[in-house]
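Descriptive analysis of the structure
This is what each chain is made of:
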Amino acid sequence: MLESLPIDAVDTVAALRRQVQSWRKDGHRIGFVPTMGALHEGHLSLVTRALEDADRVVASIFVNPAQFAQGEDFETYPRTLQADAAKLAGAGCHLLFAPTVLEMYPNGFASSVHVEGPAFGLESQSRPHFFGGVATVVTKLLNQVQPDLAVFGEKDYQQLLVIRRLARDLDLPVDIVGAETSRDGDGLALSSRNAYLSPAERERAGRLNVILAELAREIRSGQPLEPAQMAARERAEAVFDSVDYVEVRDADTLEPIVAERVSGPARVLAAVRVGKTRLIDNMAV
């Protein structure tokens, strides 16, 4: 199956390491872009960013069961390997790593990575399983590829900070690079799950970034944090079917801000549901 793809592709760790070691012998710098597939322009922008600082770029496609809870969309998550491979080839990616679940989690697999710090709160409130699954698979992927740099999108801002903390704490010799969120014409953050939205839901989804931008402007103008945050949540509740959170956090640690007004770098973050689709977004203050 991999032989029919329009890009060099491997599905085993052994084959991946042989290729990367060959590049290293030639003095190449290695970049890495981990994905779950169903690629869009946001993913391809990560490849473009990696190419700025690397001679060779590996992208992975792996729908990671460890970060899905029972009842979430693991079984229905879009899997479009052929189309994804063509997009990666067009973006200049050099190698696709597309392992099976058994390759990543062999029989008897019994280890996991536990993360704290920036993993507390926000996404963890409604998805307590999530960052453990992410941390475990990302640690495995970074060990498998052993890149000089790995690029993650800022759309998943909490995930980006968790992975940066993980790399520092475990002394992983990789530079974790954050890339700006790619957005649609109305400002909606690009996401593979946007494909789940009906036309009417898609129209409502486009309001999320507007609400976040308004809250960010209010905070920058010096308005008191708590009432501005509460008003933004009320605006979100008027548009979306449910709201998990709309919060302003410290941009470096994601710790709650206890001061009346924000005086340092901060981030506005939100998670909402439109129909059955869960959307997340964030913006710098």
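Now for a quick tour of the structure. (Residues numbered from 1 in each chain as written. Predicted model: local features only at pLDDT ≥ 70, side-chain atom pairs only at ≥ 80, totals over all residues. Heavy atoms only, no water.)

Let's talk about the sheet that holds strand 8 (residues 266-274)
- Pairing within the open sheet is antiparallel, and its three strands lie in the order 7-8-9. Pairing within the sheet leaves two strands with one partner each, and these edge strands are strand 7 (242-250) and strand 9 (277-284). Direction aside, neighbouring strands of the sheet carry axes that sit 10 degrees apart on average. (Pairing = 2+ DSSP bridges. Helix = DSSP H or I, 4+ residues; strand = E, 2+ residues; numbered from the N terminus. Axes fitted to C-alpha atoms, helices over the stretch in contact; angles between N-to-C directions.)

Structural notes on the nonpolar core
- With 45 residues, the main nonpolar core has Leu16, Val58, Phe97, Val115, Val138, Leu142 and Ile176 as its most contacted residues.
- For this core, the secondary-structure elements that each account for two or more residues are helix 1 (13-25), strand 2 (30-35), strand 4 (95-97), helix 6 (130-145), strand 5 (149-153), helix 7 (157-169) and strand 8.
- Per-element tally for this core: the top contributor is helix 6, with nine residues.
- Every residue in contact with Val138, bar those within four places of it in the chain, is listed here: Phe152, Ile163 and Leu166. (Core = buried A, V, L, I, M, F, W, Y, C linked by side-chain atoms within 4.5 Å. Buried < 20%, exposed > 50% of the residue type's maximum accessible area, 1.4 Å probe, protein only. Contact = heavy atoms within 4.5 Å.)

A look at the sheet that holds strand 1 (residues 9-10)
- Reading across the sheet, the six strands line up as 1-4-3-2-5-6 and stay open at both edges, with parallel pairing between neighbours. Edge positions in the sheet fall to strand 1 and strand 6 (175-179), since each has one partner strand and no second.
- With six bridges joining them, strand 2 and strand 3 (residues 56-61) adopt parallel strand pairing. What sits directly across from Ile30, in strand 3, is Arg56.
- Lying on the sheet, helix 2 (residues 41-53) is in contact with strand 2, strand 3, strand 5 and strand 6; it crosses strand 5 at an angle near 150 degrees.

Considering the pairing of strand 2
- Most of strand 2 is tucked away: six of the six residues are buried.
- As paired elements, strand 2 and strand 5 share two bridges and run parallel to each other. Bridged to Gly31 within strand 5 is Leu149.

A short note on the layout of surface pockets
- Size it by volume and the second largest pocket reaches roughly 310 Å³.
- If you trace the second largest pocket, you find 19 residues lining it, with Ile61, Phe62, Val63, Ala98 and Pro99 closest to the centre.
- Tallied by class, residues from the lining of the second largest pocket come to 13 nonpolar, three polar and three charged. (1 Å grid on protein atoms, 1.4 Å probe; cavity = no way out; pocket = protein on both sides within 12 Å on 5 of 7 lines; lining within 4 Å. Points joined across faces, edges and corners; volume = space filled by probe spheres on them. Nonpolar A, V, L, I, M, F, W, Y, C, P; charged D, E, K, R; others polar.)

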